[in-house]
Amino acid sequence: MIRVAICDDEHETLHYLADKVAHYAEQKKLNLTIDTFCHAEDLEAQITCMEAYQIYILDMLMPQKNGIELGQIIRRKDRQATMIYLTSSTDYAYQAFGVFAQRYLLKPLKEQEFYEAMDFAVENALQMQKTLNVNTAHGLQRILYHEIEYVENSARALHIFATDGKEVVSRLLRKSFENDMRSLLESRDFIQIHKSFIVNLSHVRQYEPNLMTMRSGAEIPISKSRQADVKRNYLKYISEGF
């Protein structure tokens, strides 16, 4: 189940967007729930008192609270949700980057652009539901992909460092690091940057040719042989995400 919130102060536009999302879900055979809001304050109250949404479709210009202010509230609760902004002006495009908006679409809406934005948002939501199963000394532990900051292969064991600061250590690896992490590396968010390290690109705070600094402050080395590939894939990830 993927939860979608649409917020626009124009009733006609709100119904139009809800119909478009419903049609998209039907075409893709997806299980989506859609909640609509005419006022930013109503959506703010909803995400404050209950579980947040995975996808937000927000009008940029609304009375009382604009889309950027609403986006800041959303980001304080959830760093991973996808935000798609709709606007008749490009004036706020730069500010949208500040809340890590994934798409910025101009009105009147072009259907193909909107569906491409939904493709990205749904893929991101599905990635957030995936888990890594880790066989530890205390039994099987499941860690959501989006909660993994990076993984280190040390002393033939996996050391998974989570966004909450916890470290999960696996039993000894039976196969190679790359083989055990194959499912993780098939995700668009993860990349191996060193023979001993895999990082979650969504948690990279700073990139340098030979180093990635994570949000936790951890500095992960990029091996010389991988620097060109890492640079290309990181720039591709950034361009597709924003």
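Quick note: structure is the one above.
Residues numbered from 1 in each chain as written. Predicted model: local features only at pLDDT ≥ 70, side-chain atom pairs only at ≥ 80, totals over all residues. Heavy atoms only, no water.

A. Structural context of the overall build of the protein. Regarding its fold elements, the protein presents 8 helices and 15 strands. Its C-alpha atoms give the protein a radius of gyration of 20 Å, within 12% of the compact-globule value 18 Å for 242 residues. Based on the C-alpha atoms only, the size of the protein along its principal axes is roughly 60 × 40 × 30 Å. Relative to its full complement of 242 residues, the protein shows a buried share of 48%. In the protein, the proportion of contacts linking residues at least 24 apart, taken out of those at least 6 apart, comes to 52%. Taken together, the 29 basic and 33 acidic charged side chains of the protein have centroids lying 10 Å from each other. (Helix = DSSP H or I, 4+ residues; strand = E, 2+ residues; numbered from the N terminus. Rg over C-alpha atoms; globule rule 2.2 N^0.38 Å. Buried < 20%, exposed > 50% of the residue type's maximum accessible area, 1.4 Å probe, protein only. Contact = heavy atoms within 4.5 Å. Lys, Arg positive; Asp, Glu negative; His and termini not counted. Charge placed at Lys NZ, Arg CZ, Asp CG, Glu CD.)

B. Inspection of helix H5 (residues 111-128) at higher detail. Compared with the 26 Å implied by 1.5 Å per residue over 18 residues, the 26 Å span of H5 between its first and last C-alpha is a close match. Buried within H5 we find Phe114, Tyr115, Ala117, Met118, Phe120, Ala121, Val122, Asn124, Ala125, Gln127 and Met128. (Expected span 1.5 Å × (residues − 1).)

C. Representation of helix H1 (residues 11-28) within the structure. The first and last C-alpha atoms of H1 sit 26 Å apart over 18 residues, in line with the 26 Å expected at 1.5 Å per residue. Taken together, the buried residues of H1 touch strand E1 (2-7), strand E2 (32-37), strand E3 (55-59), strand E4 (82-87) and H5.

D. Broad picture of the pattern of salt bridges. Inspection of the entire model under this criterion finds 9 salt bridges. Note that Arg3 is salt-bridged to Asp35, the shortest N-O span being 3.8 Å. With Arg3 in strand E1 and Asp35 in strand E2, this pair connects stretches of sequence that are 32 residues apart. Accessibility expressed as a relative area gives 13% for Arg3, which makes it buried. Here Asp8 ties to Lys107 by a salt bridge, and the two come within 3.2 Å at their closest N and O atoms. Taken together, the residues Asp8 in the loop between E1 and H1 and Lys107 in the loop between strand E5 (103-106) and H5 connect sequence positions 99 residues apart. Asp8 gets classed as buried once you look at its relative accessible area, which sits at 0%. For Lys107, a relative accessible area of 25% gives the class partly exposed. Salt bridges here are not isolated pairs; linked through shared partners, they connect Asp8, Asp59 and Lys107. (Salt bridge = Lys/Arg side-chain N within 4 Å of Asp/Glu carboxyl O.)

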